[in-house]
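The residues making up each chain are set out below.
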Amino acid sequence: MIENPGAGQIKKAAQLLRKKDRLAAGRFLVEGPHAILEALTSGARIHVIYATVVGRSNHFDVERAADSAGVRIEMVTPQVLAKLSDTVTPQGLIAVVDRPAHAPLTELARSSRLLAILHDVRDPGNAGTVLRAADAAGADAVIFTGDSVDPWHPKVVRATTGSLFHLPVLVEKQLDAVLEVLHAADVTSIAADLRGAEVHPGDALLRQPVAWVFGNEARGLTAADSALCTVARKLPIYGAAESLNLATAAAVSLYTTAFAQRG
């Protein structure tokens with residue numbers, strides 16, 4: 001039982017709450033039994049799982065999966081676990097996981113039918129929810145560009161509820177460079193933009209390989225960023241609502257495309 005929150009391995013793991021340390025280590029923290037199970041079953045490389053007595057006793061399925069994967073469980077006090085968590089009420093289980101390695105963008109572009117690009121998306125909850133929706137819609141990858149939130153931020157990881165381990169997640173700084181690669185692979189890019197024409201399930205455009213580009217929660221895509229895309233489209237509003245929030249609009253856009261491609 002690790003009882004000292006200042007223990008060396010705990011201090012080192014707690015550093016992964018900071019982006020610069022996650023990037024330097026190539027690791028991140030995964031909290032909660034469901035997300036840890038997804039990591040274990042996906043084949044992600046897990047270095048250690050820290051568990052409280054209550055957390056371990058309430059989730060024997062995690063212990064069985066950890067045993068099968070050869071991952072050790074270190075027992076810690078609730079005070080120690082709290083040093084590794086950014087939640088008010090930790091769930092009793094936190095894992096240290098390697099950032100997954102994926103094929104490069106040039107390779108993914110050639111084999112993808114549906115992609116989601118998050119450009120300058122700052123809110124971790126929104127980013128994680130869009131990633132989860134992309135996974136559910138059968139997207140081939142999610143790409144974070146510009147000044148978007150770190151996909152391995154603890155709040156993003158929680159919001160994906162494990163989807164982070166189901167599909168490639170890439171971080172690329174320049175949107176124009178990403179779109180250049182996609183266009184060269186005959187992937188149509190669609191800017192989610194209120195200045196565009198309305199999209200509908202029968203749109204022939206959606207039956208092609210498509211990459212949706214979603215902008216910042218508050219301001220959307222700039223006119224310049226939207227102009228980089230092949231076309232711009234918006235969702236029709238049939239009721240009195242002024243607009244949809246980012247996560248909802250992304251989910252509807254991705255599913256509309258999935259319906260078109262699979263119908």
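Residues numbered from 1 in each chain as written. Predicted model: local features only at pLDDT ≥ 70, side-chain atom pairs only at ≥ 80, totals over all residues. Heavy atoms only, no water.

Engineer: Outline the nonpolar core, listing residues and values.
Structural biologist: Of all hydrophobic cores here, the largest spans 54 residues; its most connected members are Leu40, Ile49 and Trp212. Dropping the residues within four chain positions of it, Trp212 is found in contact with Leu114, Leu115, Ala116, Ile117, Ile190, Ala192, Val199, Leu206, Arg233, Ser253, Leu254 and Thr257. Counting 18 residues, the second largest nonpolar core, distinct from the first, contains Ile143, Leu175, Leu182 and Val213. (Core = buried A, V, L, I, M, F, W, Y, C linked by side-chain atoms within 4.5 Å. Buried < 20%, exposed > 50% of the residue type's maximum accessible area, 1.4 Å probe, protein only. Contact = heavy atoms within 4.5 Å.)

Engineer: Break down helix H12 (residues 246-262) for me, with residues and values.
Structural biologist: Counted at 1.5 Å a residue, the expected span for H12 with its 17 residues is 24 Å, and the 24 Å between its end C-alpha atoms agrees. Residues of H12 that are buried include every one of Leu246, Ala247, Ala249, Ala250, Ser253, Leu254, Thr256, Thr257, Ala258 and Ala260, and no others. Looking at the buried side of H12, the elements it contacts are strand S5 (114-119), helix H8 (124-136) and strand S9 (210-214). (Helix = DSSP H or I, 4+ residues; strand = E, 2+ residues; numbered from the N terminus. Expected span 1.5 Å × (residues − 1).)

Engineer: Got a sec to walk through the sheet that holds strand S8 (residues 188-198)? Specific residues and values, please.
Structural biologist: What links the strands of a sheet is backbone hydrogen bonding, and the strands pair in either a parallel or an antiparallel sense. Taken in spatial order, the 6 strands make up an open sheet running S7-S6-S5-S9-S8-S10, and their pairing is parallel. Edge strands, defined here as strands with exactly one partner in the open sheet, are strand S7 (169-171) and strand S10 (231-234). Ignoring which end each strand starts from, the neighbouring axes of this sheet average 30° apart. Taken strand by strand, helix H10 (residues 175-184) contacts S5, strand S6 (141-145), S8 and S9, and its axis lies near 165° from that of S5. Together, S5 and S9 form the strand contacts of H12, whose direction differs from that of S9 by roughly 170°. (Pairing = 2+ DSSP bridges. Axes fitted to C-alpha atoms, helices over the stretch in contact; angles between N-to-C directions.)

Engineer: Outline the pairing of strand S2 (residues 46-51), listing residues and values.
Structural biologist: The buried fraction of S2 is high, at 6 of 6 residues. Across 5 bridges, the pairing between S2 and strand S4 (residues 93-98) is antiparallel. Residue pairing in the sheet places Ile49 in a bridge with Ala95 of S4. Alignment of S2 against strand S3 (residues 73-75), held across 3 bridges, turns out to be parallel. By the bridge assignment for S3, Ala51 is matched with Met75.

Engineer: Let's hear about a nonpolar patch on the surface: which residues, and what values?
Structural biologist: Taken together, Ile237, Leu244 and Val252 make up a surface patch of nonpolar side chains, about 210 Å² in accessible area. Mapped onto the fold, Leu244 is located in the loop between S10 and H12. Among the residues examined, Leu244 registers a relative accessible area of 39% and is labelled partly exposed. (Patch = residues over 30% accessible without salt bridge, like charges linked within 9 Å, V, L, I, M, F, W, Y side chains within 5 Å. Areas by Shrake-Rupley, 256 points an atom, 1.4 Å probe, with all protein chains shown as cover. Salt bridge = Lys/Arg side-chain N within 4 Å of Asp/Glu carboxyl O.)

Engineer: Explain the packing of H8 against H12 residue by residue, including any values.
Structural biologist: To characterise two packed helices, one gives the angle between the axes of the helices and the distance between these axes. Axis separation between H8 and H12 bottoms out at 9 Å; the angle between their running directions is 15°. In terms of orientation, H8 and H12 fall into the roughly parallel class. Classified by chirality, the crossing of H12 by H8 is right-handed. Contacts between H8 and H12 involve Asn126, Thr129, Val130, Ala133, Ala134 and Ala136 on the former and, on the latter, Leu246, Ala247, Ala250, Ala251, Leu254 and Tyr255. A class-by-class count of the residues in the contact of H8 with H12 yields 10 nonpolar, 2 polar and no charged. (Parallel < 35°, antiparallel > 145°, perpendicular 65-115°, else oblique. Left-handed = near helix turned anticlockwise from the far one by under 90°. Nonpolar A, V, L, I, M, F, W, Y, C, P; charged D, E, K, R; others polar.)

Keep in mind these numbers describe shape, not what the thing actually does.
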